[in-house]
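Per-entry structural report
Take a look at the letters that make up each chain.
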Amino acid sequence: MGERPTVLFACVHNAGRSQMAAGYLRHVAGDRVDVLSAGSQPAREINHLAVEVMAEDGIDIRAAQPKLLTDSAVLVADVVVTMGCGDECPFYPGRSYEDWELDDPADLPIELVRGVRDAIKSRVDILVARLDTAQERGRPTV
(Lines give C-alpha, C1' and ligand atoms only; values in the text may rest on other atoms or scores of the structure.)
Protein backbone atom coordinates (compact mmCIF):
# COMPACT_ATOMS: atom_id res chain seq x y z
CA MET A 1 0.00 0.00 0.00
CA GLY A 2 1.39 3.31 -1.08
CA GLU A 3 1.32 6.83 0.29
CA ARG A 4 -2.10 7.50 -1.20
CA PRO A 5 -4.95 5.26 -0.14
CA THR A 6 -6.56 3.06 -2.77
CA VAL A 7 -10.32 2.62 -2.71
CA LEU A 8 -12.05 -0.21 -4.59
CA PHE A 9 -15.78 0.02 -5.30
CA ALA A 10 -17.23 -3.41 -6.04
CA CYS A 11 -20.70 -4.44 -7.13
CA VAL A 12 -22.14 -7.20 -9.28
CA HIS A 13 -22.16 -5.66 -12.76
CA ASN A 14 -19.78 -2.69 -12.35
CA ALA A 15 -22.17 -0.76 -14.56
CA GLY A 16 -24.00 1.58 -12.18
CA ARG A 17 -23.40 2.01 -8.45
CA SER A 18 -19.67 1.30 -8.39
CA GLN A 19 -19.06 3.42 -11.48
CA MET A 20 -20.98 6.37 -10.01
CA ALA A 21 -19.06 6.04 -6.72
CA ALA A 22 -15.73 5.89 -8.55
CA GLY A 23 -16.69 8.94 -10.60
CA TYR A 24 -17.58 10.94 -7.50
CA LEU A 25 -14.47 9.89 -5.59
CA ARG A 26 -12.21 10.88 -8.51
CA HIS A 27 -14.03 14.21 -8.75
CA VAL A 28 -13.97 15.01 -5.03
CA ALA A 29 -10.58 13.60 -3.99
CA GLY A 30 -8.61 14.17 -7.19
CA ASP A 31 -5.13 12.71 -6.97
CA ARG A 32 -5.28 12.27 -3.18
CA VAL A 33 -6.84 8.81 -3.65
CA ASP A 34 -6.34 6.00 -6.17
CA VAL A 35 -9.74 4.77 -7.33
CA LEU A 36 -10.69 1.34 -8.67
CA SER A 37 -14.04 -0.22 -9.51
CA ALA A 38 -14.98 -3.73 -10.56
CA GLY A 39 -17.79 -6.26 -10.60
CA SER A 40 -18.16 -9.93 -9.80
CA GLN A 41 -20.16 -10.41 -13.02
CA PRO A 42 -19.33 -7.34 -15.13
CA ALA A 43 -21.88 -6.12 -17.66
CA ARG A 44 -20.94 -5.48 -21.26
CA GLU A 45 -21.39 -1.72 -20.88
CA ILE A 46 -22.09 0.95 -18.31
CA ASN A 47 -25.71 1.76 -17.46
CA HIS A 48 -26.81 4.66 -19.69
CA LEU A 49 -28.97 6.16 -16.92
CA ALA A 50 -25.99 6.15 -14.54
CA VAL A 51 -24.06 8.10 -17.18
CA GLU A 52 -26.99 10.50 -17.62
CA VAL A 53 -27.57 11.25 -13.93
CA MET A 54 -23.87 11.74 -13.30
CA ALA A 55 -23.69 14.17 -16.24
CA GLU A 56 -26.52 16.13 -14.60
CA ASP A 57 -24.14 16.63 -11.68
CA GLY A 58 -21.22 17.62 -13.95
CA ILE A 59 -19.34 14.30 -13.82
CA ASP A 60 -18.57 12.42 -17.04
CA ILE A 61 -18.34 8.64 -16.65
CA ARG A 62 -19.04 7.80 -20.31
CA ALA A 63 -15.57 6.31 -20.85
CA ALA A 64 -15.89 3.91 -17.90
CA GLN A 65 -15.90 0.24 -18.79
CA PRO A 66 -17.12 -2.59 -16.54
CA LYS A 67 -14.21 -4.68 -15.25
CA LEU A 68 -13.97 -8.07 -13.57
CA LEU A 69 -13.37 -8.05 -9.83
CA THR A 70 -10.06 -9.81 -9.17
CA ASP A 71 -8.19 -10.82 -6.05
CA SER A 72 -5.34 -8.52 -7.12
CA ALA A 73 -7.66 -5.48 -7.11
CA VAL A 74 -8.72 -6.29 -3.56
CA LEU A 75 -5.13 -6.88 -2.47
CA VAL A 76 -3.98 -3.39 -3.59
CA ALA A 77 -6.97 -1.67 -1.99
CA ASP A 78 -6.84 -0.08 1.43
CA VAL A 79 -10.62 0.35 1.49
CA VAL A 80 -13.08 -1.98 -0.24
CA VAL A 81 -16.62 -0.68 -0.60
CA THR A 82 -19.08 -3.39 -1.61
CA MET A 83 -22.48 -2.68 -3.08
CA GLY A 84 -24.50 -5.84 -3.27
CA CYS A 85 -21.94 -8.41 -4.40
CA GLY A 86 -22.19 -10.30 -1.10
CA ASP A 87 -20.22 -13.52 -0.91
CA GLU A 88 -18.86 -13.02 -4.43
CA CYS A 89 -16.57 -10.24 -3.19
CA PRO A 90 -13.27 -11.68 -1.95
CA PHE A 91 -12.24 -10.88 1.62
CA TYR A 92 -8.65 -10.36 2.73
CA PRO A 93 -7.50 -9.34 6.21
CA GLY A 94 -5.85 -5.95 6.54
CA ARG A 95 -8.33 -4.07 4.37
CA SER A 96 -11.09 -1.82 5.58
CA TYR A 97 -14.44 -3.10 4.29
CA GLU A 98 -17.70 -1.18 4.03
CA ASP A 99 -20.98 -2.44 2.62
CA TRP A 100 -23.14 0.28 1.12
CA GLU A 101 -26.71 -0.98 0.81
CA LEU A 102 -28.01 0.78 -2.28
CA ASP A 103 -30.63 -0.16 -4.83
CA ASP A 104 -29.22 -1.48 -8.11
CA PRO A 105 -30.02 1.20 -10.71
CA ALA A 106 -30.49 -1.42 -13.42
CA ASP A 107 -34.13 -1.31 -14.55
CA LEU A 108 -35.00 1.62 -12.25
CA PRO A 109 -36.67 4.76 -13.61
CA ILE A 110 -34.41 7.80 -13.82
CA GLU A 111 -36.00 9.45 -10.76
CA LEU A 112 -34.92 6.53 -8.59
CA VAL A 113 -31.48 6.38 -10.22
CA ARG A 114 -31.07 10.02 -9.17
CA GLY A 115 -31.82 8.97 -5.59
CA VAL A 116 -29.16 6.24 -5.77
CA ARG A 117 -26.73 8.82 -7.19
CA ASP A 118 -27.45 11.27 -4.37
CA ALA A 119 -27.00 8.56 -1.72
CA ILE A 120 -23.67 7.58 -3.29
CA LYS A 121 -22.54 11.21 -3.38
CA SER A 122 -23.27 11.63 0.35
CA ARG A 123 -21.41 8.45 1.24
CA VAL A 124 -18.42 9.41 -0.92
CA ASP A 125 -18.24 12.80 0.82
CA ILE A 126 -18.14 11.05 4.20
CA LEU A 127 -15.53 8.58 2.95
CA VAL A 128 -13.30 11.39 1.66
CA ALA A 129 -13.49 13.21 4.99
CA ARG A 130 -12.47 10.01 6.81
CA LEU A 131 -9.63 9.34 4.35
CA ASP A 132 -8.36 12.91 4.74
CA THR A 133 -8.43 12.59 8.53
CA ALA A 134 -6.56 9.27 8.36
CA GLN A 135 -3.95 10.80 6.05
CA GLU A 136 -3.48 13.74 8.41
CA ARG A 137 -2.81 11.24 11.19
CA GLY A 138 -0.27 9.41 9.04
CA ARG A 139 -2.42 6.37 8.27
CA PRO A 140 -3.42 5.45 4.72
CA THR A 141 -6.67 3.78 5.76
CA VAL A 142 -9.81 4.69 7.64
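Here's what I pulled together on the structure shown here. Just so it is clear, the model here is predicted, and its values are computed rather than measured.

1. A few points about the side chain of Asn14
Residue placement: Asn14 occurs in the loop between strand E1 (6–11) and helix H1 (17–29). Engagement of the side chain of Asn14 in a polar contact is seen with the backbone nitrogen of Lys67, the distance being 2.7 Å. In this view, Asn14 contacts Gln19, Ser37, Ala38, Gly39, Gln65, Pro66 and Lys67; residues no more than four positions away in its chain are not counted.

2. Comments concerning the packing of aromatic side chains
By the definition in use, this model includes one aromatic pair. Measuring from ring centre to ring centre gives 5.7 Å for Phe9 and Trp100, while their planes differ by 55°; the resulting arrangement is tilted. Pair noted here: Phe9 is in strand E1 and Trp100 is in the loop between strand E4 (96–99) and helix H4 (110–136), with a separation of 91 residues, a long-range link. Both residues of the pair, Phe9 and Trp100, count as buried.

3. Regarding the nonpolar core
Among soluble globular proteins, nonpolar side chains are generally buried collectively. Core analysis: the biggest nonpolar cluster contains 34 residues, and Val7, Phe9, Leu25, Trp100 and Val124 have the highest contact counts within it. Elements with a contribution of two residues or more to this core: E1, H1, helix H2 (48–56), strand E3 (79–83) and H4. With eight residues, the single largest contributor to this core is H4. Excluding residues within four positions of it along the chain, Val7 makes contact with Leu25, Val33, Asp34, Val35, Leu36, Val79, Val81, Leu127 and Leu131. With 11 residues, the next largest nonpolar core counts Ala38, Ala73, Ala77 and Cys85 among its residues.

4. Observations regarding the pattern of salt bridges
Counted according to the given criterion, the structure contains nine salt bridges. A salt bridge links Lys121 to Asp57, with the nearest nitrogen and oxygen atoms 3.3 Å apart. Highlighted residues: Lys121 in helix H4 and Asp57 in the loop between H2 and helix H3 (71–76), separated in sequence by 64 residues. Look at Lys121 and you get partly exposed, because its relative accessible area is 33%. When the shortest N-O distance is used, the salt bridge between Glu98 and Arg130 registers 2.5 Å. With Glu98 in strand E4 and Arg130 in helix H4, this residue pair connects regions lying 32 residues apart in the sequence. Classification of Arg130 by relative accessible area gives partly exposed; the value is 34%. Each of Glu56, Arg114, Arg117 and Asp118 takes part in one network of salt bridges that share partners.

Thresholds, definitions, all that
Residues numbered from 1 in each chain as written. Predicted model: local features only at pLDDT ≥ 70, side-chain atom pairs only at ≥ 80, totals over all residues. Heavy atoms only, no water. Helix = DSSP H or I, 4+ residues; strand = E, 2+ residues; numbered from the N terminus. Polar contact = N/O pair within 3.5 Å; in protein donor to acceptor, adjacent residues only side chain to side chain. Contact = heavy atoms within 4.5 Å. Phe/Tyr/Trp six-rings, centres within 6.5 Å; stacked < 30°, edge-to-face > 60°. Buried < 20%, exposed > 50% of the residue type's maximum accessible area, 1.4 Å probe, protein only. Core = buried A, V, L, I, M, F, W, Y, C linked by side-chain atoms within 4.5 Å. Salt bridge = Lys/Arg side-chain N within 4 Å of Asp/Glu carboxyl O.

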